[in-house]
Amino acid sequence: QTHAPPASPRHRPVPKDGIPLEEGKEPAVKPPPVGLEAWRQNVPLPRDGEFKKRQTLTKNPVVPPNLLPPSYPKTALPSIDSPAFFQRLGLDGVFFAFYYQQGTLQQYLAAKLLKAQGWRFHTKFGAWFMRSAPPVAVTEKLEAGPYIYFDPAFTRDTKDGVPCLDGWCQRSKNEMVFEYSYLEDELR
């Protein structure tokens, strides 16, 4: 067996933290425990299962106006539950609210606005229709004539081998027969 010569004071090993060790002292930073020793140090205590409510300073802190950036809104955003908000939306936004917010107040407000603009909901087709000209024929049970309707379905078609999306647009039908039994009159 060969032994390394003792390090001279000038050539003592320097730990990672850069502070030279005095002879006979252990480094200030010990290596992390391994195996069972690590487990023993991290055993859950009974108090670890107790829930403690965090303390919050304030729910709505008030920031002085002079500290707000210029881009920060100065007024509250309009409520999406108000009819005034829906009147400012474009037609696509109103149709989106009707078809994708089903069973909510937003769907009701969208339907109400569409009816006010002359759109009529066809329950058989699940689509909104609007007269594009006066009807050609009118009876007690139906009317016939040109209509514009909103197509809410996205369908993937291929035209000349190139895939394209079709739908979510207004289409026209020149000879539409609209049976009144499929007309949704009541807003629920």
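To keep things clear, this report deals only with the structure shown in the data block. (Residues numbered from 1 in each chain as written. Predicted model: local features only at pLDDT ≥ 70, side-chain atom pairs only at ≥ 80, totals over all residues. Heavy atoms only, no water.)

Section: the overall build of the protein chain
So, step 1. Helix and strand content of the protein chain: 4 helices and 8 strands.
So, step 2. Helices (α) and strands (β) of the protein chain occur, in sequence order from the N terminus, as α-α-α-α-β-β-β-β-β-β-β-β.
So, step 3. Relative to its 188 residues, the protein chain shows a buried fraction of 18%.
So, step 4. Taken as a whole, the protein chain presents about 15,700 Å² of accessible surface, with 57% of it coming from carbon and sulfur. (Helix = DSSP H or I, 4+ residues; strand = E, 2+ residues; numbered from the N terminus. Buried < 20%, exposed > 50% of the residue type's maximum accessible area, 1.4 Å probe, protein only. Areas by Shrake-Rupley, 256 points an atom, 1.4 Å probe, with all protein chains shown as cover.)

Points about the pattern of salt bridges
So, step 1. A complete count under the given rule lists 3 salt bridges for this structure.
So, step 2. For Arg131, the salt bridge identified is with Glu143, shortest N-O distance 2.7 Å. Here Arg131 is found in strand β2 (residues 127–131), whereas its partner Glu143 is found in strand β4 (residues 142–151), with 12 residues between them in sequence.
So, step 3. For Asp151, the salt bridge identified is with Arg171, shortest N-O distance 2.9 Å. Here Asp151, found in strand β4, pairs with Arg171, found in strand β7 (residues 169–179); they are 20 residues apart in sequence, far enough to count as distant. (Salt bridge = Lys/Arg side-chain N within 4 Å of Asp/Glu carboxyl O.)

Remarks on the nonpolar core
So, step 1. Grouped together as the largest cluster of nonpolar side chains are 22 residues, with contacts concentrated most on Phe95, Phe98, Tyr99 and Trp128.
So, step 2. Here Tyr99 is in contact with Phe121, Gly126, Ala127, Trp128, Phe150, Pro152 and Trp168, once residues within four sequence places are set aside. (Core = buried A, V, L, I, M, F, W, Y, C linked by side-chain atoms within 4.5 Å. Contact = heavy atoms within 4.5 Å.)

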